[in-house]
Structure formats: structure tokens, C-alpha cells
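Chain by chain, the residues:
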Amino acid sequence: MNRKLVNIIFALSLSLGAGIGFTNAAEEKSFEIRDGEFWLDGQKTMILSGEMHYSRIPHQYWRHRLEMLKALGLNTVATYVFWNYHETAPGVWDFEGDKDLRGYIETAGEVGLNVILRPGPYACGEWEFGGYPWWLQNIDGIDLRRDNAPFLEATRRYLERLYREVGDLQVTKGGPIIMVQVENEFGSYAAQREDIPLEEHRRFNRTIYRQLLDAGFDAPKFTSDGTWLFEGGSIEGVLPTANGEDNVENLRAKVDQYHHGKGPYMVAEFYTGWLAHWGEPHPDIDASRIARKTDEYLRENVSFNYYMVHGGTNFAFTSGANYDNRNDIQPDLTSYDYDAPISEAGWSTPKYDSLRNVIQRYTPHPLPAVPAAIPVIEIPQIELTCAADVLSALKAGKPVYADSPMTFEELEQGYGYVLYSRKFNQPIRGTLEIDGLRDYAIVYVNGEKKGVLNRRDREYSMQIDIPFNSTLDILVENMGRINYGPQINFNTKGIISPVVIEGNEITGGWEMYGLPLDEMPQAGSLGKRYLYAGSKMSGLQGSPAFYFGTFHLDTTGDTFLDMAPWGKGIVFVNGHNLGRYWEIGPQQTLYLPGVWLREGENTIVVFEQLNDNINTSMRTVTVPVLTDLKD
């Protein structure tokens, strides 16, 4: 065995065993970037990391998933912190339950993993608005990812609050956090915003770096970009790491150019799979290619972070969207399986086995046993005993009146749906145009569905015939704010332009009813006059409806709701929003974690927007369906 390989195995032996004793006093722990190497407790080490976001996993499963990382042979877990996950309204913070970032980091340390913290403030990550809180857009004069006073004041407050939560868990204070990222992929944004001078981009990036320092984040820092984007994203004195870099020689040359002529060298996003959009084929990334590249990185002393090692799920309204000129918007799936080595439900995959075999060859001691998968159950029949007329129930509430349609943000609503309604005293017909639709609308006249408008497919117009003394209703869904690229600054939702019929702007008399669905609807709170049971449920065909049901379990376990018979909407179980489904695929099931079920009675609510087919029951399956594309 050559000396170089012996040194790598020795470094891996140290690093794979590191992290267990992070309860020691601060002076007994250290992590440094110096002399072209990573140093942990005074010894050269390699970082073998996997990206896994606590926000995409029920907190009861964190330890299981972290132990899966350890058994794969990794010594570190990396995670984004999504700002909007924690500051739900200005000054309103939540770090409890599934949002207990501190608990996640402490659990990683207990398992024996180091932690790489990626706090943004911008994260991307196929997450709603790239992690920014939606309400930032309501701040006067704000300009995101710019050297802009209102924006920088908001980021300063966020980073200071984040430090109070987890700052003492840095390695400099005896904790598991060994590195902290500055911003995220800023070089790509700088390259896309050619209208802004490069020096202004650099000044902003340095400001975020200083805000991290001022807040108290004193663990070693790094930036993360494609190597061809280091010019706009790197910071003097901060280690640049590479995303998606396959060429080791190019990696070394670029890092040397921007980091005092030496390493260490790290691929901070080593893609094991890829993101998936509604209406597009689900990616399938070859396991053997990832295994071969892992072997090369280990041979060449290149540290890495698998993105993703375990993707998890975009529960509720947390999924983001991409933008392109063809589709306008490309909304991300609820599943964030990512074709990762650990599946959405936490199962080991053939890709996991391949990578584990490679890493084991470089490790002088046996890797831990792979944890058993969470038990899976099948529920063959869930009866839906009644349904509610959503349009009528909404209109029983108090509307907001305006001369023109208001955006979600103007209505102080972040997510979900808004019903736009207007009465017409005179008939009108012709082409209905909503160029500013954000993002998906169902159009009704006097409660009868007339068509669908859809930003994903650039369908912004349709023919409409509104008779004398009739009502036009437009139910609009926010399908996730754009999380990447310059369009991130144009992310308001709802109807953001005039509504036009046959060339006439429709003004005056607009009524808006919010449907944020931030809590599970209750049948009893809607009023009996809006509920339909038995054969009467067929009367709701074509209208948006809530379906209510209960089911009894003798034992709990993970399962997958079969949504193939349904059209479009979301599902709640026992108060938990499982996320969106859409008949076009490729995702046809929704992951239901067993920890959200209970022995005895369970409650389910389906919000079905299209309701072309009346479903009075549903079932679960034991294997997810993520690749069945219908469109």
C-alpha cells in the first residue's frame, strides 16, 4: 500500500471516530483550516459529510436518520437553516418540535457526527422562497441579496437570533459545529445579475460574512459555488468549496487561485441525485457513477458533502420552485427523495450500499451496522364520510374589498389559497386574461367550473361567458415561491396584474377570501349547511371540497397515501399537512410518517381543488410511487 493511501486511511480513521466526545470542555476540542488541510483536535482529517435537513424530517426520526449517516461511513452532517421555517412572522420565532434546530445538532453530536451549518440567510435548497420569509417583500425599499439597508437589517436580526439558539454548539465552544457557510452559491447569483457591478456583489457577500462574525459565529467559514463562479462568490481569507465539481485537477487549481495557493479541497455539494418538478420525469442518477467518484475523491484527499444523502419531504407548503422561460415556473414535488442514497422514508437503497462499500475500503475498522427501517403498514380502506362545499363556506366569512385584486402579501397571507370574487350586473363574454397569475387558478361562474389557468404551462387566458347578474370566482393557489436565480426578487403571489375580459380591465367590487390552511379544517366548524354526506357528495362534483374521514389503527407505522385517483390538492392527517398532490405526477403517493399516526382513531382531511371525480374512500400502499408521469 502506498504512503499516500496509508495517510488517507489514517485520517479517515481519526475523522470517522471523531465527534463522539463533544461534551468535553471547549479547550479540548478544535477544528482548523490551515496548511492546506482540515485539522480536527490537532490531527489532519477529511470531511465525509452528507446533507440532511432537519426541516424535512419529523424530529422523532432524526436520530434514526443520523445513525444511517454514521453507518454509511460519514463523519459529518450538513444542514441548511431555512430562515422562514423559524421566523414565521416579523419577530415571531419558533424553535420547537420539528423546528428544534438545537436538538438536531445535539443529537448529531451524540451519534458521533460533526455538523456543518449552512445558515444562509439565502439557502435555495428547493425550499419555498429559498428560505426567505415571505413577509420580507412587504418591507418598504427592500431588495433581496443586495447591499440594501432594509434587507441587511433583517438579515442581521436573523443571524443574531440564530446565534442565541445554537452559537454555543460551535466547536470553538466545545460543540459539534465545525464549519459555518457564508451565504450560499452567491457566485451564481452574481453571474446572473449582470446589471449589478461585481464589486457591489462582493461588498454584499463580505457584509454577510461580517454579520456572521458580529453575531458570534467564530467557527471556520467557507463559501460554496461552482468553481467557474468563484470570482463572484469567494471572499478573501475564506475557504472556497466547490459544487458539482467532477474534475479534481480543476478543483485544486481553482481553490489554489482563490485561497493562498493551497487547499484543503472540498466538494461541498456532491450530487447523488437531482431535484424533481411536477409534470417532469423524476431524475434517476446512476449509483455506479457516484460510487466511482467517491472512490476518486477518497484517493485524492478531496473532502465532500453528499447533496443529498437523505432528502426527506417538503411537508405542508414548504416546496419551492424554479423558473425558466419555457415553463415560467417549475414547482417542486412534495417528495424530496432526490434519488438519494437514503430514501424519503429513511430506507437504505442500492446506492447507499454501493457508497458504503467504497467508504469501508478506506476505513480500518468495521462500519456500524445499518439501522433497521421504520416499520411500514398498509391501510386498505379509509372511508370519507362527508364533504364540505369550500366556495360557499369561504363566502360565509368576511371578505377583503378592493377595486383591484390584491396579492397574497397585501392580504398578509403567506401560503395556501385565495378566492377572488366579483359580481357582474351586466353580461360580459370574451377572452379572460390574467397575465399576472401566481400560480394556479380554477375559474367558476355562478359556482360552475369553467376552466383552469396554470402558470406552469403558461396558460393565462381562456374564453368566458358571464351572464347578467352573475358571479365570477377565481380560486388561486400559491404553488411555491421561486427559490433560485434573479426571479427571486419577483415572488409575490395571487393575482398581481389586472384581470381583463375582452380587453376591458375589470375594476371595482373585488372581494377576496383567504384560505391559508395553516391548520387542519374541522367539519364541525364549517356549519352543517355546507356539509354533504353519502350520495349527496356527488353534488359537489367540479367544486373544490374538503373530504373528511376517520380510520382506526391497532398498530402504527410509516405508509404512503395513494393519491392516483385524485386530482389536485393537499392532505391533512391528525393535524399534519402532508403536502401537495397533483394527478400529473410523477409523484402519485404522499409519505405519511408513522409517528404522526396513533393507535385508535385517526382523522384525515383532503382538500381536493378540481373534484372531477368524487372519491368516498382512499387507501395507503407500502411502496412510494414517484416516477409515474401522466402529463
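Every chain's residues receive numbers from 1 upward, in the order its sequence appears when written. Totals for whole chains, interfaces and linings use every residue, but because this is a predicted model, local features are given only for residues with pLDDT of at least 70 and side-chain atom pairs only at 80 or more, for both listing and counting. In computing side-chain properties, one takes all heavy atoms of the structure into account and sets aside hydrogens as well as water.

Would you mind going over the packing of helix H2 (residues 62–72) against helix H4 (residues 101–111) with me for this structure?
The description of two helices packed together rests on the angle between their axes and the distance between the axes. Axis geometry follows a simple rule: fit a line to the C-alpha atoms, using only the stretch in contact for helices, then measure angles between N-to-C directions, giving values from 0 to 180 degrees. A run of H or I in DSSP counts as a helix once it spans at least four residues, and a run of E counts as a strand once it spans at least two, with each numbered from the N terminus. One can describe the packing of H2 onto H4 by two numbers: an axis separation of 10 Å at closest approach and a directional angle of 40°. Classified by the interaxial angle, the pair formed by H2 and H4 is oblique. Crossing of H2 against H4: the hand is right-handed. Of H4, the residues touching H2 (which contributes Trp-62, Arg-63, Leu-66, Glu-67 and Lys-70) are Gly-103, Tyr-104, Thr-107, Ala-108, Glu-110 and Val-111. Charged residues are taken to be Asp, Glu, Lys and Arg, nonpolar residues to be Ala, Val, Leu, Ile, Met, Phe, Trp, Tyr, Cys and Pro, and polar residues to be all remaining types, Gly included. For the contact of H2 with H4, the per-class residue count stands at five nonpolar, two polar and four charged. Roughly parallel means an angle under 35 degrees; roughly antiparallel, over 145; roughly perpendicular, 65 to 115; everything else is oblique. For any helix crossing, the convention is left-handed if the near helix is rotated counterclockwise from the far helix by under a right angle, and right-handed if that rotation is clockwise. Should any heavy atoms of two residues lie within 4.5 Å, those residues are considered in contact.

Before we go on, may I ask you to explain the environment of His-310 in this structure?
With respect to the helices and strands, the residue His-310 is situated in the loop between strand E13 (303–307) and strand E14 (321–322). Partly exposed describes any residue whose relative accessible area lies between the buried limit of under 20% and the exposed limit of over 50%, with all areas from a 1.4 Å probe on protein chains only and scaled to the type maximum. His-310 gets classed as buried once you look at its relative accessible area, which sits at 0%. Placed 37 residues apart in sequence, His-310 and Trp-347 show a C-alpha to C-alpha distance of 9.3 Å. Excluding anything up to four places from it in sequence, His-310 contacts Glu-51, Met-52, Ile-57, Arg-65, Ala-340, Ile-342, Ser-343, Glu-344 and Gly-346. In this structure the side chain of His-310 is engaged in a polar contact, spanning 3.1 Å, whose partner is the side chain of Arg-65. Polar side-chain contacts of His-310 include one of 2.9 Å to the backbone oxygen of Ser-343. Polar contact criterion, stated in full: a pair of N or O atoms within 3.5 Å, where within protein one must be able to donate a hydrogen and the other to accept it, and residues adjacent in sequence count only if both atoms are side-chain atoms.

I tried to follow the sheet that holds strand E31 (residues 559–562) on my own but got confused; where do I start?
Pairing between the strands of a sheet comes from backbone hydrogen bonds, and it takes one of two forms, parallel or antiparallel. Pairing between strands requires that DSSP locate at least two bridges from one strand to the other. Read across the open sheet, the three strands follow the order E34-E31-E37; overall the sheet is antiparallel. In this open sheet, the two strands that pair with only one neighbour each are strand E34 (589–592) and strand E37 (620–621).

Sorry if this is basic, but what is going on with the pairing of strand E11 (residues 239–243) here?
The side chains of a regular strand alternate, residue by residue, between the two faces of the sheet. Extensive coverage of E11 is indicated by the burial of five of its five residues. By the alternation rule, side chains of E11 split into Leu-239, Thr-241 and Asn-243 and Pro-240 and Ala-242, which are all buried. One ladder, built from four bridges, connects strand E10 (residues 221–225) with E11; its direction is parallel. Following the sheet pairing, Thr-223 is matched in E11 by Pro-240. Bridge count between E11 and strand E12 (residues 266–271): two bridges; the pairing is parallel. When the bridges of E12 are listed, Ala-242 appears paired with Val-267.

Is there a simple way to think about the sheet that holds strand E24 (residues 470–477) in this case?
What the six strands build is an open sheet, ordered E17-E28-E18-E24-E21-E22; its pairing is antiparallel. A strand with exactly one partner marks an edge of an open sheet, and here the two such strands are strand E17 (400–402) and strand E22 (448–454). On average, each strand axis in the sheet is tilted by 20° relative to the strand beside it, whichever way the strands run. Where E17 meets strand E28 (residues 510–515), three bridges bridge the pair, whose relative direction is antiparallel. If you follow Val-400 over to E28, its bridge partner there is Met-512.

So what exactly am I meant to see when it comes to helix H5 (residues 149–166) here?
Three or four residues apart is the spacing at which side chains of an α-helix point the same way, because the helix has 3.6 residues per turn. Helix span, expected: 1.5 Å multiplied by one less than the number of residues in the helix. In a regular helix each residue adds 1.5 Å, so 18 residues correspond to 26 Å; H5 covers 26 Å between its end C-alpha atoms and thus fits that length. Buried within H5 we find Phe-151, Leu-152, Ala-154, Thr-155, Tyr-158, Leu-159, Arg-161, Leu-162, Glu-165 and Val-166. Where H5 is buried, its residues touch helix H3 (83–86), strand E7 (92–93), H4, strand E8 (114–118), strand E9 (177–181) and helix H7 (198–215). Two or three places before Phe-151, at the start of H5, stands the capping residue Asn-148, its side-chain oxygen 3.0 Å from that residue's backbone nitrogen.

Can you help me understand the nonpolar core in this one?
As a rule of thumb, nonpolar side chains are buried together in soluble globular proteins. Counting residues in each nonpolar core, the largest one holds 135 residues, and the members touching the most others are Tyr-306, Leu-561, Val-571 and Ile-604. Top element by residues in this core is H5. It accounts for seven residues. Discounting chain neighbours no more than four positions away, the residues touching Leu-561 are Ile-382, Val-571, Val-573, Leu-578, Gln-588, Thr-589, Leu-590, Ile-604, Met-618, Arg-619 and Thr-620. What makes a nonpolar core is a set of buried Ala, Val, Leu, Ile, Met, Phe, Trp, Tyr and Cys residues whose side-chain atoms join them at distances within 4.5 Å.

Please clarify how the packing of aromatic side chains should be interpreted in this entry.
Each aromatic ring pair is characterised by the separation of its centres together with the angle its planes make. Stacked, tilted and edge-to-face are the three classes applied to pairs of Phe, Tyr and Trp rings, where Trp contributes its six-membered ring and a pair requires centres within 6.5 Å; stacked means planes under 30 degrees apart, edge-to-face means over 60, and tilted covers the rest. Across all of its chains, the model carries 40 aromatic pairs by this definition. With centroids separated by 6.2 Å and ring planes inclined at 10°, the aromatic side chains of Trp-93 and Phe-95 adopt a geometry described as stacked. With relative accessibility at 24%, the residue Trp-93 sits in the partly exposed group. Residue classification places Phe-95 among the buried positions, given a relative accessible area of 7%. When the ring of Tyr-336 is compared with that of Tyr-338, the centres are 5.2 Å apart and the planes differ by 55°; the resulting orientation is tilted. Both residues of the pair, Tyr-336 and Tyr-338, belong to the buried class. Chaining the aromatic ring pairs together yields one cluster made of Tyr-54, Trp-62, Tyr-80, Phe-82, Tyr-85, Tyr-104, Trp-127, Tyr-271, Trp-274, Tyr-307, Tyr-336 and Tyr-338. Lysine and arginine charges are scored as sitting over a ring when NZ or CZ, respectively, is within 6 Å of the ring centre and within 35 degrees of the ring normal. Over the ring of Tyr-336 we find Arg-56, and its NZ or CZ is 3.7 Å from the ring centre. Lying across the ring of Phe-424, Arg-422 places its NZ or CZ 4.7 Å from the centre.

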